[in-house]
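Tertiary structure, described
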Amino acid sequence: MFSLINKKIKPSILNKNALFFYIPLFISLLISISISKVPDQTIIYSSIFIIAAIFSTTFIKEFLFGPKAWILTILAIAISAIYSNYKFIAFPHRVSGFQLDPNIYSALIYSAISLSILFVSNKQAKYSLILLFAITLAETNSRSGIGLFITLCLAVFILKRHLTKQTIKYFFHSFLIFISVYICIQFYTSYLSVNFTRESITSINDGSLGIRLLIWSDALKLIPEHIFFGSGYGLFFSLYPSVRSQEFSTEGSFVHNDYLQVLIEGGLVGLSIWVFLGLRCSFILYSLVVKKEDINKRENTILIPLTLLLISLLIHSFFNFIFYALPTCIITLLIWLFIEQKLNHKEITIHKHIMKYTKWSTAITLIIINIIISQVAILESKFKGNIFDKYKPSFLTIYQLLRTFNLDSYSINMFLVKQNYYHFITNKQIPKDVRKQLLNQSYNILLDLKNSYPRYPDILTWQAIYLLTKDRGLKNQAIARDLLKQVHQIHPGYINAYKVEFSIVKGSIEERLAFFCSMHNISYTWTNLMSLEEGLWFFETQKKISQSLNMPVLSQAYQTAYEFFPLKYNFLYSNKYWQAISLLEKSKSNCFEQI
């Protein structure tokens, strides 16, 4: 970063259209951080936009708009694609890279195909990259990504009179290569008896599209309260439980529609920025195709496909979270800046002193962002050392420090509440009066957090844990059950709540059966999202309860699911796992009749 600052950057880097995007973007992010109830979370999510914006504007002009930048970009994606293909050969499943969702990764891959066609000059290298990316795109098995790539190829063919024959030929060959590869992969996975085919959509309410419609329908209920400035970026996951009605197939972190999520989190101010980008891209395409901007044929044959690619990414963000993934956000802004610069619009000249201060303020901003993002991680790494091996009286002052500096962060407070419980409150070597004092302090913090975040599953669950730790009498058990019932309504797959509830389940058949059926109802949907530890606990607990209730069929199904849950993505064992899960799903409706 500092090496970039020390380079002499020409003052005329940004044109007026870029400023119309970037200035409102930074204003929107500042407003979002200032009004957010969880500013540390908002800063983390806002940093995606900030880093993408800074990355795409701080390269020196000759590097950003020369071929080297695009070659390096293609190379980075190619390395991830090679690794993804290696993983696919080991055990066929929907591949991804850069820790992205397969749908988001598919956007990166079809972008790489287009960039390879336009910027790789060597013919053999070009076809090798196209083949690699075509295979990877097929392996993502993303219907939105594949559909948009095919649409992009068709759009290029429709606008062929504006392009060179070479460009049309490469896009057409890419289309044929992809179709051939996709068919081969389907045959390959069928031969291995791997369930790789996505379910077909017979109506608008089926499959992933139906799930998205449910999320959108619920998310619309959040708009009136946050219409102008939004709730703060990154906070949809905390708002969604309050309006969640029928959809329980996702973790609930994203709307799967960037425009709707930006409207909720950034308000009309944030949404207007991305709407401007969409309208600007449409106008650019109109200018290139209809008005025929005064640029040479060679430039035109690059700019039209790039504009079509940019529009494809913006359309893709209507069904996924393209803006909220750093690699795709960077690619989107880089492509747009490249197009704007090539169109030779009037540039804004920035005074060299302003440019100097801007560079240093940018560096300081990045440092501050990184410090804030890492605050919890640093705190946690310190507390994971030997500090808990012995009782430290000084630890009691941490809460006072938090109050003094007004650090009432949700993440930090919840971390301290949990660490208090695991390392102090349950440690009988610490004097009882000290443990009681810590328990009361932690419980009061939970009550304060509950007032700010009334429907957070983690807070409600830990409130139940602390209540039961104070006193496991009937009154506290009844309050804890009510709290856990709220958690089940907010987040049916929140496994920690079930663990707490299981600790107070009595020996009667009716109570064990009620608990068994409440877990049985999520056995098909939520288990797919559970971690290894959570899934193993879930299936083992259900197996033991079903055995005690004399349910041999379900007991065997849970035993099979327990054995093969760690191997559910291994093509040699996945069928056995999903057969057991399917049996559990079929018996869900008549759970109480099993005994």
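Relevant structure appears above.
The following refers to the structure shown.

1. Details of the overall build of the protein
- Scanning the protein from N- to C-terminus turns up 25 helices and zero strands.
- Expressed as a percentage of its 595 residues, the buried residues of the protein come to 53%.
- Put simply, the protein shows about 28,400 Å² of open surface, and 62% of that area lies on carbon and sulfur atoms.

2. Concerning the pattern of salt bridges
- By the definition in use, this model includes six salt bridges.
- Lys221 is the partner of Asp218 in a salt bridge, and the nearest nitrogen-oxygen pair spans 3.4 Å.

3. Digging into the nonpolar core
- Counting 105 residues, the largest nonpolar core has Phe133 and Leu306 as the members making the most contacts within it.
- Considering each element in turn, this core owes the most residues, 14 residues, to helix α12 (residues 258-291).
- For Phe133, the contacting residues outside a window of four places in its chain are Ile74, Ile77, Ala78, Ala81, Ile109, Ala112, Ile113 and Ser116.
- Counting residues in each nonpolar core, the second largest holds 35 residues, with Val434, Ile445, Ile490 and Ile504 among its members.

4. Brief notes about helix α8 (residues 143-158)
- Between its first and last C-alpha atoms α8 spans 22 Å; for 16 residues at 1.5 Å apiece the expected length is 22 Å, and the two agree.
- Every buried residue belonging to α8 is among Ser144, Gly145, Ile146, Leu148, Phe149, Leu152, Cys153, Ala155 and Val156, and all of these are buried.

5. Structural notes on the environment of Glu265
- Mapped onto the elements of the fold, Glu265 is located in helix α12.
- What makes Glu265 buried here is its relative accessible area of 0%.
- Residues Glu265 and Leu222, spaced 43 residues apart in sequence, show a C-alpha to C-alpha distance of 9.6 Å.
- Apart from residues lying up to four places away in sequence, Glu265 is in contact with Ser32, Phe229, Gly230, Ser231, Gly232, Tyr233, Gly234, Leu235, Phe236 and Tyr324.
- Polar side-chain contacts of Glu265 include one of 2.9 Å to the backbone nitrogen of Phe236.
- A distance of 2.7 Å separates a polar atom in the side chain of Glu265 from a polar atom in the side chain of Tyr324.

6. With respect to the packing of helix α19 (residues 457-470) against helix α21 (residues 495-502)
- At a minimum axis distance of 10 Å, the contact between α19 and α21 shows a crossing angle of 20°. In terms of their interaxial angle, α19 and α21 are classed as roughly parallel. Considering only the axes of α19 and α21, their crossing is left-handed. Residue-level contacts link Thr461, Ala464, Ile465 and Leu468 of α19 to Asn496, Ala497 and Val500 of α21.
- A class-by-class count of the residues in the contact of α19 with α21 yields five nonpolar, two polar and no charged.

Rules used in this analysis
- Residues numbered from 1 in each chain as written.
- Predicted model: local features only at pLDDT ≥ 70, side-chain atom pairs only at ≥ 80, totals over all residues.
- Heavy atoms only, no water.
- Helix = DSSP H or I, 4+ residues; strand = E, 2+ residues; numbered from the N terminus.
- Buried < 20%, exposed > 50% of the residue type's maximum accessible area, 1.4 Å probe, protein only.
- Areas by Shrake-Rupley, 256 points an atom, 1.4 Å probe, with all protein chains shown as cover.
- Salt bridge = Lys/Arg side-chain N within 4 Å of Asp/Glu carboxyl O.
- Core = buried A, V, L, I, M, F, W, Y, C linked by side-chain atoms within 4.5 Å.
- Contact = heavy atoms within 4.5 Å.
- Expected span 1.5 Å × (residues − 1).
- Polar contact = N/O pair within 3.5 Å; in protein donor to acceptor, adjacent residues only side chain to side chain.
- Axes fitted to C-alpha atoms, helices over the stretch in contact; angles between N-to-C directions.
- Parallel < 35°, antiparallel > 145°, perpendicular 65-115°, else oblique.
- Left-handed = near helix turned anticlockwise from the far one by under 90°.
- Nonpolar A, V, L, I, M, F, W, Y, C, P; charged D, E, K, R; others polar.

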